[in-house]
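# Coordinates in review
What follows is the residue order along each chain.
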Amino acid sequence: MGLLKLRCVQFLTNVTKRSAPLHYRSLTTASFKYDDLQVTLTDKKQEKPDPNNLLFGHNFSDHMLQVEWTRDDGWGKPVISPLTNLSIHPGAKCLHYAIELFEGMKAYRGVDDKIRMFRPFENMKRMKSTADRAYLPDFDAEELVKCMKKLLQIDREWVPYSTKSSLYLRPTFIGTEPTLGVTKSASALLYVLTGPVGPYYPTGMNPVTLLADPQYVRAWPGGCGNFKMGSNYGPTIKISAEADKKGCQQVLWLYGDDHQLTEVGAMNLFVYWINEQGEKELITAPLDGLVLPGITRKSLIELAKKWGEFKVTERSYTMAEVTKALNENRLKEMFGAGTACVVSPVEKILYIDNMLNIPTMSEGAPVTMRFLKELTDIHYGRTISDWCEPIE
């Protein structure tokens with residue numbers, strides 16, 4: 001009886017450690033393993049594009065990583081194979097109910113020719129959280145990072161020899177069960193694409209104009225705005241087109257009757273100003289469910305706190321506060337921040353048919369540009385940081 005009791009305690013302890021319900025996880029294969037990785041190399045290597053003329057998301061490396069999961073058998077063996085089209089049933093749940101998610105992360109070739117991933121475990125933390133929200137199976141983050149490292153080692157020549165470009169990684173997770181009905185998917189596919197990328201925005205570091213129209217809402221409390229679901233992005237495309245018609249490059253997403261600033265395009269948003277107490281302050285929206293917990297966002301906040309030169313605040317703030325700060329000459333800089341672009345300075349906001357001039361570039365955007373320099377120095381190995389994960 002003592003041995004039986006001990007085994008029961010061990011079983012219950014293991015159950016409580018799991019982030020997903022027990023009935024949803026395989027009891028035999030809780031996660032795929034790097035040690036089971038199977039590799040098939042291509043015999044038809046593609047010509048690599050000019051690293052100085054890369055369009056974001058238009059080029060893909062020679063190989064991809066795939067891992068299948070089923071409710072009955074759990075995780076299969078991870079496979080690296082030549083880049084290929086997916087074969088998927090037209091009734092797959094991801095095609096009908098948006099049971100899918102993705103991550104965006106980068107690897108950089110440093111000035112020392114070493115290749116490093118930037119904070120991959122932060123992306124894995126967010127991916128696992130989003131998978132839980134999509135009711136897709138859990139996995140071991142360390143095992144996936146190991147598999148991605150191997151993928152990068154195989155396609156290492158696809159990592160640009162340039163400090164102006166990088167290799168983008170797109171881990172993707174989709175529900176593949178070929179049945180209609182809004183239920184959890186009994187099968188899934190996790191796959192990773194990679195490809196060399198240049199600047200996300202054709203304008204590069206040129207400051208952008210934002211459309212801030214309160215009739216358009218990106219996220220709301222209790223929704224999925226803080227998860228990296230594909231379903232968060234599709235509905236924004238038409239609004240971005242509306243912004244373009246009005247001479248704006250991006251959308252500033254507002255929320256609530258008080259017009260809280262949340263995100264800009266697909267980026268987190270930061271404002272640097274002198275607050276009403278006379279303090280220098282960097283402010284950004286809190287992680288209250290309305291914004292994505294960006295890895296660049298987290299990095300900038302940590303850098304700013306390390307500098308210790310101004311107050312760093314995560315709280316809701318409104319267009320009324322921004323307008324007041326502008327009128328009182330207290331607003332200094334505004335910029336978006338994300339993996340794709342690092343930072344993107346803002347120079348104007350079209351808000352309820354009134355064009356607000358943001359003085360970000362009036363003095364050269366010293367805070368924005370300092371963030372850019374410090375992060376890119378880390379990306380390209382000019383500054384050694386434990387934020388970077390060497391691939392070998």
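Per chain, residue numbering runs from 1 following the sequence as it is written. This being a predicted model, a pLDDT of at least 70 is required before a residue's local features are given, and a value of 80 or more before pairs of side-chain atoms are given or counted; all residues contribute to the totals for chains, interfaces and linings. Hydrogens and water molecules were not included; the side-chain quantities draw on all heavy atoms of the structure.

## Considering the pattern of salt bridges
In plain terms, the rule: Salt bridges are defined as contacts in which a side-chain nitrogen from Lys or Arg sits within 4 Å of a carboxyl oxygen from Asp or Glu. Each helix is a run of DSSP H or I of at least 4 residues and each strand a run of E of at least 2, with the numbering of both proceeding from the N terminus. Throughout, exposure labels follow a simple rule: accessible area from a 1.4 Å probe, protein chains only, divided by the maximum for the residue type, with under 20% read as buried, over 50% as exposed, and the rest as partly exposed.
This structure, assessed with the given rule, holds 20 salt bridges. Between Lys128 and Asp138 there is a salt bridge, with the nearest N and O atoms lying 2.6 Å from each other. Remark: Asp138 occurs in the loop between helix 3 (120-133) and helix 4 (141-154) and Lys128 occurs in helix 3; sequence separation between them is ten residues. Taking relative accessible area as the criterion, Lys128 reaches 26% and is therefore assigned partly exposed. Of the charged contacts, one joins Glu389 and Lys149 as a salt bridge, the two residues approaching to 2.8 Å between their closest N and O atoms. Placement of the pair is Glu389 in strand 19 (residues 388-390) and Lys149 in helix 4, with a sequence separation of 240 residues. Residue class for Lys149 comes out buried when judged on its relative accessible area of 18%. A single network of salt bridges, built from pairs that share partners, joins Glu276, Lys324, Glu328 and Arg330.

## Quick look at the packing of aromatic side chains
Going by this rule: Put simply, two rings from Phe, Tyr or Trp (the six-membered ring, in Trp's case) pair if the centres are within 6.5 Å, and we call them stacked under 30 degrees between planes, edge-to-face over 60, tilted for the rest. The criterion for a charge sitting over a ring is simple: Lys NZ or Arg CZ within 6 Å of the ring centre, and within 35 degrees of the ring normal.
This model, assessed by the stated rule, comprises 14 aromatic pairs. Taken together, a centroid distance of 6.2 Å and an interplanar angle of 85° make the contact between Trp307 and Phe310 edge-to-face. Given a relative accessible area of 11%, Phe310 falls into the buried group. Feature note: the residues Phe270, Tyr272, Trp307, Phe310, Phe335 and Phe371 constitute an aromatic cluster, connected by ring pairs. Directly above the ring of Tyr161 sits Arg109, whose terminal nitrogen or CZ lies 3.7 Å from the centroid.

## Focus on helix 4
Going by this rule: A helix is expected to span 1.5 Å multiplied by its residue count minus one.
For helix 4, which comprises 14 residues, the first-to-last C-alpha distance of 20 Å matches the rise-based estimate of 20 Å (1.5 Å per residue) to within 8%. Within the span of helix 4, buried status applies to Ala141, Glu143, Leu144, Val145, Cys147, Met148, Lys149, Leu151 and Leu152.

## Topic: the layout of surface pockets
Let me state the cut-off plainly: Lining residues are defined by having an atom within 4 Å of a point belonging to a cavity or pocket. Those points lie on a 1 Å grid over the protein atoms alone, cavities being sets where a 1.4 Å probe fits but cannot get out and pockets being open sets with protein on both sides within 12 Å along at least five of seven lines. Grid points are joined across faces, edges and corners, and a volume is the space filled by probe spheres set on the points. When residue character is reported, Ala, Val, Leu, Ile, Met, Phe, Trp, Tyr, Cys and Pro are called nonpolar, Asp, Glu, Lys and Arg charged, and the others, Gly included, polar.
Empty space within the largest pocket amounts to approximately 1000 Å³. Lining the largest pocket are 42 residues; nearest its centre among them are Phe56, Tyr200, Tyr201, Ala266 and Ala340. For the lining of the largest pocket, the secondary-structure elements that each account for two or more residues are strand 8 (166-175), helix 5 (237-245), strand 11 (250-255), strand 13 (267-274), helix 6 (295-307) and strand 16 (331-338). In terms of residue class, the lining of the largest pocket is built from 21 nonpolar, 15 polar and six charged. In this structure, the second largest pocket encloses a volume near 480 Å³. Forming the walls of the second largest pocket are 23 residues, and the residues nearest its centre are Lys164, Cys341, Val342, Leu372 and Thr376. Listing elements by their share of the lining of the second largest pocket, those giving two or more residues are strand 6 (105-109), strand 17 (342-351) and helix 8 (366-379). Of the residues contributing to the lining of the second largest pocket, the split by class is twelve nonpolar, eight polar and three charged.

## Considerations on empty space enclosed by the protein
Taken as a whole, this structure holds three cavities of 30 Å³ or more when the rule is applied. Within this model, the largest cavity holds a volume of roughly 80 Å³. Together, Gly104, Met105, Lys106, Tyr108, Phe118, Asn123, Ile295, Thr296, Gly338, Thr339, Val342 and His379 line the largest cavity. If you list the elements that add at least two residues to the lining of the largest cavity, you get strand 6 and helix 6. At three residues, strand 6 tops the list of elements feeding residues into the lining of the largest cavity. Split by residue class, the lining of the largest cavity holds five nonpolar, six polar and one charged.

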